[in-house]
Amino acid sequence: MTEAASGTLRRALNLARPDDVYNAIVDSHKDLSDELCRAFDAKLILLLANHIGDEAVIREALREATP
Amino acid sequence: MSRRLAVREIMSSYEYRRYPYRRPVELDGKGERRPVVIVGAGIAGPTLALSLAAHGVPSLILDEDDTVSFGSRSICQAKHSLEVWDRFGISSRIVDKGITWDQGEVYLRDQPIYRFNLAPEPGHKFPAFVNLQQYYVEEFLYERCLEETLIEMRFRNKVTGVVPRNDGVTVEVESPDGRYTLEADWLVACDGVRSQVRRALSLPYPGEVFHDQFLIADIRLKGDLPRERRFWFYPPFHPTNSVLLHRQADDILRADFQLGRDADPEEEKKPENVDRRLRQMFGPGAAWEHEWTSVYTFSCRMMERFVHGRTIFAGDAAHVVSPFGARGGNGAVADADNLAWKLALVLKGEAPAALIGSYCSERRAAACENILQSTRSTDFITPRFPASRIFRDATLALARDFPFARALINSGRLSVPTAHVGSDLDTPDSDADWAGGPAPGRAMVDAPLGAGWLVERLGLGFTLLAFGEAVAPPSGVATVNVGTEGLAPQRYDARPGTAYLIRPDRYVAARWRRFDPAAVEAALGRAMAN
């Protein structure tokens, strides 16, 4: 098991081609119903959370994203 | 588990023998003050009585009924419970009669997506789990209790009142021959989720009620039966919900169908409706007989304190969890094991009554852990709000291709001994170079030793495990010389000179890289609240 690291959430840009990545995410949702969008997003969040692997970063992102 | 919707009928092939009632001597003006009165002959009560008897402490068990558990109820007997019961000689009976398993399989629709092994390493005396109906476990416990001269079991004796005193408890009891009172130094309520003792003292039982209903169908199925635990999300034979399948002794299977919140329990319990579900599950060629049918809901509750003066609560009377994870009956055994040695030391005057306070803090920590784990399982199995279901289903969808998602599937995190790290009784590590082994506050781990097992070598009291060097522990502490070869030193991260102080309940009290009599003496005093 990966150790619970304690990094902090990146605030500065970390993407070489930010517009391409942004539009790839948005376009992936284009033809999906609301229901499928939510299922898609849930899978995406789980995949990325595991890839990040840093509980502190994930928790910070959860706080920042909370409306 | 709550039996609020309760058992409709018992069709069991198990013969419920009636245990004898005898007229209580108190009705004839006899009887004396009891050191320990235990209310409830379920799992916790007899386990506590046997453990007290092993320490030389007599006890009296009161039970309003005169037979064992109706229905199979708590069927998964965990390794740690088997290690406790082994001291009374009944674990070999449980293993022989029960179904040993450590594999589980999780299905999504008709596809297996995840297989787990709960015993990844060999070299333990007992397996991760043995499935055996609660009535057999209670029968074996009762038999041992009835052999013990230090234990008296009174069947058909119901507690009607409890009067706390400064130095004990007065217990009001109703028997078939009339009412009487008992004086006890300590009263231990092991009388289940609807504890009469808790009610008599008007103590609250705060917690959370879950509304999903489940149908248990215990059946005797002809043919080859699976040994592993199987759990289905959305199976073709029950497409809207989940199903759990466990094998028990006597060729009995337990199918546990999630019914949802809106099911009508009376309709669901009708044999023709149960049969329809089973037919869809097992196919047109299958044949079965019913053993026990029950529709249940459950709640997670915990008392704010488990010790109220001289009255102590254990098992479901003190805390209750959902059935996912086998934490009810096994938690009750752990309660009894934690309490017995403390009560014995206090009653013998070898430790102050404050030692009993540590039962509350340590077992409340365990109950919190059990409730957290079982609530998480429940939330995964029965998602409580729309987004919760969306993430659950996303996890299931990813599970086949992504190992990480398989780890997130929570169909029950099965009972392992809980830790109480930071307990006042335990001495924190002073050596900084531990890279493994059970830290203070954690349960000891078994390993092969000589021709037998490490767990068999420990006695009733405190034990010093010495690795490789002979030591002279304080009086009253037994020594087991483990050596430096084999699995045991690995499991304890031991080097020549390493020593572990093990409590009577087989938890680690302290450990050192080098044996130091003064340090052992200090840790021993601390572990006895002296």
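The model shown is predicted, which means the values in this text are computed figures rather than measured ones.

1. A closer look at the interface of chain B and chain A
It is common to report an interface's size as the accessible area lost on association of the parts.
Consideration 1: Contacts between chain B and chain A engage 10 residues on the former and 8 residues on the latter.
Consideration 2: For the pair chain B and chain A, the two sides together bury roughly 840 Å², of which 86% comes from carbon and sulfur.
Consideration 3: When residues of chain B are sorted by the area they lose upon contact with chain A, B:I390, B:F391 and B:F404 head the list and together hold 54% of the total.
Consideration 4: Applying the counting criterion to the chain B and chain A interface returns 0 residue pairs in polar contact (both at pLDDT 80 or more).
Consideration 5: Mapped onto the side of chain B that touches chain A, the elements with two or more residues apiece are α10 (386-399) and α11 (403-408) of chain B.
Consideration 6: If one sorts the elements of the side of chain B that touches chain A by residue count, α10(B) sits on top with 7 residues.
Consideration 7: Tallied by class, the residues present in the side of chain B that touches chain A amount to 9 nonpolar, 1 polar and no charged.

2. What to know about the confidence of the model for chain B
Residues shown with low pLDDT carry predicted positions that ought not to be read at fine detail.
All names here are of chain B.
Consideration 1: Across chain B, the average pLDDT comes to 93, with 98% of residues at 70 or higher.
Consideration 2: Predicted confidence for residues 1-9 stays below pLDDT 50, and this span has 28 contacts to residues more than four positions away or in other chains.
Consideration 3: Here the predicted complex scores 0.93 on pTM and 0.93 on ipTM.

3. Brief notes about helix α1 (residues 44-54) of chain B
Consideration 1: Within α1(B), 10 of the 11 residues are buried, which leaves the element mostly enclosed by the surrounding structure.
Consideration 2: Buried within α1(B) we find B:A44, B:G45, B:P46, B:T47, B:L48, B:A49, B:L50, B:S51, B:L52 and B:A53.

4. Points about the packing of helix α2 (residues 34-52) of chain A against α10(B)
Consideration 1: Between α2(A) and α10(B), the shortest axis-to-axis distance is 9 Å and the interhelical angle comes to 65 degrees. Of the two possible hands of crossing, α2(A) and α10(B) adopt the one that is right-handed. Along its contact with α2(A), which presents A:R38, A:A39, A:A42, A:K43, A:I45, A:L46 and A:L47, the element α10(B) presents B:A387, B:I390, B:F391, B:A394, B:T395, B:A397 and B:L398.
Consideration 2: For the contact of α2(A) with α10(B), the class distribution of residues is 11 nonpolar, 1 polar and 2 charged.

5. Overview of the pairing of strand β12 (residues 178-189) of chain B
All names here are of chain B.
Consideration 1: Where strand β2 (residues 34-39) and β12 come together, 5 bridges link them in parallel fashion. Opposite I38, over in β12, you have V188 as the bridge partner.
Consideration 2: Judged from the 7 bridges that link them, strand β11 (residues 168-175) and β12 form a sheet pairing that is antiparallel. Counterpart to T170 in the pairing with β12 is E183.
Consideration 3: Where β11 folds back on β12, the antiparallel hairpin that results is connected by 2 residues.
Consideration 4: Judged from the 3 bridges that link them, β12 and strand β19 (residues 311-313) form a sheet pairing that is parallel. Residue pairing in the sheet places A189 in a bridge with F313 of β19.

6. Side note on the sheet that holds strand β23 (residues 462-466) of chain B
Residues and elements named next belong to chain B.
Consideration 1: Strand order in the open sheet formed by 4 strands is β24-β23-β25-β26, and the pairing between neighbours is mixed. The open sheet has two edge strands with one neighbour each: β24 (477-481) and β26 (508-512). Between one strand and the next, the sheet's axes are offset by a mean angle of 20 degrees, whatever the strand orientation.
Consideration 2: Across 4 bridges, β23 lies against strand β25 (residues 499-502) in antiparallel orientation. By the bridge assignment for β25, A466 is matched with A499.
Consideration 3: Across the sheet, helix α13 (residues 517-527) touches β23, β24, β25 and β26, and the angle it forms with β26 is around 165 degrees.

Each value, and the rule that gives it
Residues numbered from 1 in each chain as written. Chains lettered and ligands numbered in written order. Predicted model: local features only at pLDDT ≥ 70, side-chain atom pairs only at ≥ 80, totals over all residues. Heavy atoms only, no water. Contact = heavy atoms within 4.5 Å. Buried area = accessible area lost by both parts, 1.4 Å probe. Polar contact = N/O pair within 3.5 Å; in protein donor to acceptor, adjacent residues only side chain to side chain. Helix = DSSP H or I, 4+ residues; strand = E, 2+ residues; numbered from the N terminus. Nonpolar A, V, L, I, M, F, W, Y, C, P; charged D, E, K, R; others polar. pLDDT = per-residue confidence, 0-100. Buried < 20%, exposed > 50% of the residue type's maximum accessible area, 1.4 Å probe, protein only. Axes fitted to C-alpha atoms, helices over the stretch in contact; angles between N-to-C directions. Left-handed = near helix turned anticlockwise from the far one by under 90°. Pairing = 2+ DSSP bridges.

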